[in-house]
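Residue-level listing of the chains:
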Amino acid sequence: MTIAANEIANLTLAALAERIAKRELSPVEVTQAYLDRIAQADPAIGAFITLTGDDALERAKRAEREIATDGPKGPLHGIPFATKDIFYTKGVRTTSGSRLEADFVPTRDARAVEVLQDAGAHSIGKAHTVEYAFDPTGRNEHYPTPHNPWRHGHYTGGSSSGSGAAVAAGMVPLALGSDTGGSIRIPSSFCGITGLKPTFGLVSRAGVTPLSWTLDTAGPMAHDALDVALAMNVLVGHDPADAGSVRRAPTDYTRGIEGGVVGLRIGVPEDYITQLVDPEVKAAFDVAVAKLAELGASVEQVSIPELAWGEFFSIVITAEAAALHRDQLRDRPEEFDQRVRLRLEAGSFIPAPTYLKAQQVRALFGKRLAKVYERFDLLAMPTTVMAAPQHDVPTVTVAGHEVNTRDTAIRHTRIFNQNGLPAISAPCGFSSLGLPIGLMLVGKAFADPLVLRATHAYQQATDWHTRRPGA
Amino acid sequence: MAEDPIKQMPREAFDAWAAHMGIDTDPEHLDKLYPEAATLLRRMAAVHTIDTSEVDPAEASETVPRDMLQGESS
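Given the structure is predicted, the values throughout are model-derived calculations rather than measurements. (Residues numbered from 1 in each chain as written. Chains lettered and ligands numbered in written order. Predicted model: local features only at pLDDT ≥ 70, side-chain atom pairs only at ≥ 80, totals over all residues. Heavy atoms only, no water.)

Draft legend 1. A look at the overall build of chain B. If you tally the helices and strands in chain B, you get three helices and zero strands. Reading the secondary structure of chain B in the N-to-C direction produces α-α-α. Look at the contacts in chain B between residues 6 or more apart in sequence, and 42% of them connect residues 24 or more apart. Summing over all exposed atoms, chain B offers an accessible surface of approximately 4,400 Å²; the carbon and sulfur share of this is 51%. (Helix = DSSP H or I, 4+ residues; strand = E, 2+ residues; numbered from the N terminus. Contact = heavy atoms within 4.5 Å. Areas by Shrake-Rupley, 256 points an atom, 1.4 Å probe, with all protein chains shown as cover.)

Written out as structure tokens, the structure is:
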């Protein structure tokens, strides 16, 4: 069976793996199809800062030989992926979205890149990020800000801006992202893809430029929950090189993914959501939750007053980021993205007792959430309170309120980084401008398989995740 | 209510603290930095109003809360 190149680029990772296993597609064909899509689409979108097409084709040829001899060693064998440009790539420039790192060429791969490559996948290029992953919109002062594949001139979300755009536009079936306050989920929501912030400690951050060591989490971005689960099977593993890495029994993240949502208890913090949400986003979210109920979940409203503590958690991230970048701020301040610089410098004013108090508030929040998770298996919220805003708009109007774009983009996501909980964003509708809307499901710690199972059930019953921009 | 932190750190004190921290003291730059810091200062004042007496200080170094790990096996 012949599959046209443009069809290849629209396939899911699982579908590609199946066709590669059946020898209906070869890794070289697949990789070339994505390179062709990049050549066609990326000049307008700007998802990639560095392409490594020649290396990807070489690796694809090697995968092709290996598969011809021994068959695929797993579903990722021969699959290209995009690497957020804060993950080290041996011999390939890694800018972390900053002019300060413009010439940094690592001598090793990040562990997450390494394990994907060990599984037979190959990086096709480095995807844009905001500077040091410290902005949720996708904006970058020094490198081009990617455009949302669904609507030119709108943000992709950040900080994994290029990763979100690359998957959405069919330039890769899988991308690596990182999430400190929403940086996987926000671009997944804005770009209409599926992205998981795994439980803290499951995926190694060794070789990933840090932003906030108690919050940073690496994870996969793809078209749907099954693809994310396939990537998790490879990415999860203890790594002594990451101080936050946890040792867990091996888990097959695809096992039980077909289990559905019958009997699952899903809590909806309605009172918090309705404080600030775009009506179109709320309407799509309500329909999504109703679908989960129709599929057999028990959906109930829950009041969690502590969700209002979200803005306090900026103290932790800002203090840790300021500490990490203190020397650069002192020695080379002009080379920073000036908005990022201001936020980092502001972090210098946080006294140690206040940082530690914020850490205690995190712990208290975790205690309160633990009580909530005695009553519920999952929490559901819109991933973001609005669809992707236009580039360079410092404020947006949401439900009649003029609010700061950056703080508003991160409003629903950052609260769940505080306790390392697994949280996914999956597409659940579109705004009247044709921009995607995301559903976020959040489980308790290490309930990543349950989060994936519920998302998969939702995606088996809906088609939002199958839609592609320009189709 | 906590005292307004901006009153606690008026502009002159902010400028002096910025210099102490090695931040560029060009007035134009500090004009931009002051509102960013002021937002954070307000949040810092508010966070101290939360009663955290039920938290063991040692728990504050755990990203994943131990309460959520009960019954978990690793």
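Draft legend 2. Fine view of helix α8 (residues 225–235) of chain A. Residue and element names in this part refer to chain A. With eight of eleven residues buried, α8 is to be regarded as a mostly interior element. Every buried residue belonging to α8 is among Ala225, Asp227, Val228, Ala229, Leu230, Ala231, Met232 and Leu235, and all of these are buried. Where α8 starts, the residue carrying a side-chain oxygen 3.3 Å from the main-chain nitrogen of Leu226 turns out to be Asp224. (Buried < 20%, exposed > 50% of the residue type's maximum accessible area, 1.4 Å probe, protein only. Polar contact = N/O pair within 3.5 Å; in protein donor to acceptor, adjacent residues only side chain to side chain.)

Draft legend 3. Spotlight on the sheet that holds strand β2 (residues 80–84) of chain A. Residues and elements named next belong to chain A. Across the sheet, eleven strands lie side by side as β1-β3-β2-β4-β6-β5-β12-β13-β9-β7-β8; this open sheet has mixed pairing. Looking along the sheet, the strands with just one partner apiece sit at the ends: β1 (48–51) and β8 (298–301). With strand direction ignored, the average angle separating the axes of adjacent strands in the sheet is 30°. Set on the sheet, helix α4 (residues 53–70) makes contact with β1 and β3 (122–127); between it and β3 the angle comes to about 160°. (Pairing = 2+ DSSP bridges. Axes fitted to C-alpha atoms, helices over the stretch in contact; angles between N-to-C directions.)

Draft legend 4. Examining the pattern of salt bridges more closely. Inspection of the entire model under this criterion finds 29 salt bridges over all chains. Notably, a salt bridge pairs Arg59 of chain A with Asp55 of chain A, separated by 2.9 Å at the nearest N-O pair. Separated by four residues within a single helix, Arg59 of chain A and Asp55 of chain A lie in helix α4, roughly one turn from each other. Taking relative accessible area as the criterion, Arg59 of chain A reaches 25% and is therefore assigned partly exposed. Linking Asp24 of chain B and Arg341 of chain A is a salt bridge whose minimum nitrogen-to-oxygen distance equals 3.5 Å. (Salt bridge = Lys/Arg side-chain N within 4 Å of Asp/Glu carboxyl O.)

Draft legend 5. Representation of the pairing of strand β7 (residues 265–268) of chain A in the model. Residues and elements named next belong to chain A. Bridge count between β7 and β8: four bridges; the pairing is parallel. Paired with Ile266 across the bridge in β8 is Val299. The sheet contact formed by β7 and strand β9 (residues 378–382) spans two bridges and is parallel. What sits directly across from Ile266, in β9, is Leu378.

Draft legend 6. Spotlight on the side chain of Thr31 of chain A. Its location among the elements puts Thr31 of chain A in helix α3 (residues 27–45). Setting aside residues no more than four positions away along its own chain, Thr31 of chain A makes contact with Ala56, Leu57, Ala60, Gly78, Pro80, His122 and Ile124 of chain A.

Draft legend 7. Main features of the packing of helix α10 (residues 279–294) of chain A against helix α16 (residues 448–461) of chain A. Residue and element names in this part refer to chain A. One way to put it is that α10 packs onto α16 with a least axis distance of 10 Å and a crossing angle of 100°. Accordingly, the angle class assigned to the pair α10 and α16 is roughly perpendicular. When α10 is examined against α16, the residues Ala288, Lys291 and Leu292 are found in contact with a partner set consisting of Ala454, Tyr458 and Ala461. Of the residues belonging to the contact of α10 with α16, the class tally is five nonpolar, no polar and one charged. (Parallel < 35°, antiparallel > 145°, perpendicular 65-115°, else oblique. Nonpolar A, V, L, I, M, F, W, Y, C, P; charged D, E, K, R; others polar.)

Draft legend 8. Main features of the pairing of strand β11 (residues 401–404) of chain A. All names here are of chain A. Note that strand β10 (residues 395–398) and β11 share four bridges and pair antiparallel. From the neighbouring strand, Thr395 faces β11, where its bridge partner is Asn404. Connecting β10 to the next strand, β11, in antiparallel fashion are two residues, including Ala399 with a positive phi near 50°.

Draft legend 9. A look at the interface of chain A and chain B. Tallying the contact residues gives 51 residues for chain A and 36 residues for chain B. Buried area between chain A and chain B, both sides added, is near 3,800 Å², and the carbon and sulfur share of it is 65%. Counting the contacts that link chain A with chain B gives six salt bridges. The residue Asp407 of chain A makes a salt bridge to Arg43 of chain B at a minimum N-O spacing of 3.1 Å. Contributions of two or more residues to the side of chain A that touches chain B are made by α11 (314–324), α12 (326–331), α13 (338–347), α14 (352–375) and α15 (405–409) of chain A. Broken down by element, the side of chain A that touches chain B gets its largest block of residues, 16 residues, from α14 of chain A. For the side of chain A that touches chain B, the class distribution of residues is 21 nonpolar, 14 polar and 16 charged. (Buried area = accessible area lost by both parts, 1.4 Å probe.)

Draft legend 10. Here's a closer look at the confidence of the model for chain B. Residue and element names in this part refer to chain B. Per-residue pLDDT for chain B averages 83, and the proportion of residues at 70 or more is 84%. Here helix α1 (residues 5–8) stands out as the element of chain B with the lowest mean pLDDT, 64, in contrast to helix α3 (residues 27–47), whose mean of 93 is the highest. Confidence metrics for the complex model read pTM 0.96 and ipTM 0.89. (pLDDT = per-residue confidence, 0-100.)

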